[in-house]
Every structure is written in C-alpha cells, then in structure tokens.
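Chain residues, written in single-letter form:
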Amino acid sequence: MIARFACIPNRLGIPSVYINIPEEKVVALFEISKIINLYPEIKNIILQEATKETSKFDKISGRLLLENNNLHSSREEVLEIYKGARETGILNKVNVVDNNFLIFEKKIR
C-alpha cells in the first residue's frame, strides 16, 4: 500500500509513504502525521496498491509535458519515461544520465 498526498495549490516533492507489511502500519501513520503537519496545503490522502519491490522492473512510469510559448507561436512536446521505479515521483528527481530514463522532445512551429 502507498499513501500519496493531494495539495491545493499543487505541490511537487512531497514524499510518499509505503506500507509494505502489516507491522509497518504504526510507523506509516506516524510518518503520514509528520508530513501532514509539515505541509498545511495537503487536502487529501490517496491510498492505493503499491507496485511490489520485486515487480518494479516490469513497470514503466511516464509523463507527457506540453508547453506553449505564445510569444513565438511555438509549442514543445516532451515525453519522459523511466523503467524500474515504484512510482512516477522518480521523474521529479531523476538523473538524466540514468540508463533507465528516456526523454523525447519534439518542437512544433
């Protein structure tokens, strides 16, 4: 199980909390309460099934970024994908020379 946080306004970089075994529930609740106290903009806690540590190598995380610059009427599309992570948060702190990270950029005029 994984606990993630939704904020208003949106905020990147808030850590997620993994609960791997039932015995970790008390520790996880303590970590969640610490995070809630640190970030008052948290509005919701999202609980979902987590990718198992042993299955992460079969998972691909990704995001598509669209940027429109009205000054020059150009648009850029960026696709980032990462293989082998338990969550998409890896894309917020990825090392761009990591062999598991791929980025594709397309400039449109």
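Everything numeric here is computed off the predicted structure, so don't read it as measured data.

## Looking at the nonpolar core
Line of reasoning, step 1. If you look at the biggest cluster of nonpolar residues, it comprises 11 residues: A3, F5, C7, I14, V17, I19, A28, I32, I35, Y39 and I42.
Line of reasoning, step 2. Of all the secondary structure elements, the ones that give two or more residues to this core are strand 1 (2-7) and helix 1 (25-38).
Line of reasoning, step 3. With residues near it in sequence (within four places) discarded, A28 still touches V17 and I19.

## Some details on the side chain of E80
Line of reasoning, step 1. Note that E80 resides in strand 5 (residues 74-83).
Line of reasoning, step 2. In terms of polar contacts, E80 uses its side chain to reach the side chain of R63, at 2.6 Å.

## Quick notes on the pattern of salt bridges
It is possible for side chains bearing opposite charge to pair when their charged atoms get close.
Line of reasoning, step 1. Here the structure, examined in full by the defined rule, presents 2 salt bridges.
Line of reasoning, step 2. Note that E31 and K34 form a salt bridge whose closest N and O atoms lie 3.4 Å from each other. With E31 and K34 both in helix 1 and 3 residues apart, the pair spans about one turn of that helix.
Line of reasoning, step 3. Judged by its relative accessible area of 38%, K34 is partly exposed.
Line of reasoning, step 4. Between E80 and R63 there is a salt bridge, with the nearest N and O atoms lying 2.6 Å from each other. With a gap of 17 residues between them, E80 in strand 5 and R63 in strand 4 (residues 60-69) connect regions that are remote in the sequence.

Thresholds, definitions, all that
- Residues numbered from 1 in each chain as written.
- Predicted model: local features only at pLDDT ≥ 70, side-chain atom pairs only at ≥ 80, totals over all residues.
- Heavy atoms only, no water.
- Core = buried A, V, L, I, M, F, W, Y, C linked by side-chain atoms within 4.5 Å.
- Buried < 20%, exposed > 50% of the residue type's maximum accessible area, 1.4 Å probe, protein only.
- Helix = DSSP H or I, 4+ residues; strand = E, 2+ residues; numbered from the N terminus.
- Contact = heavy atoms within 4.5 Å.
- Polar contact = N/O pair within 3.5 Å; in protein donor to acceptor, adjacent residues only side chain to side chain.
- Salt bridge = Lys/Arg side-chain N within 4 Å of Asp/Glu carboxyl O.

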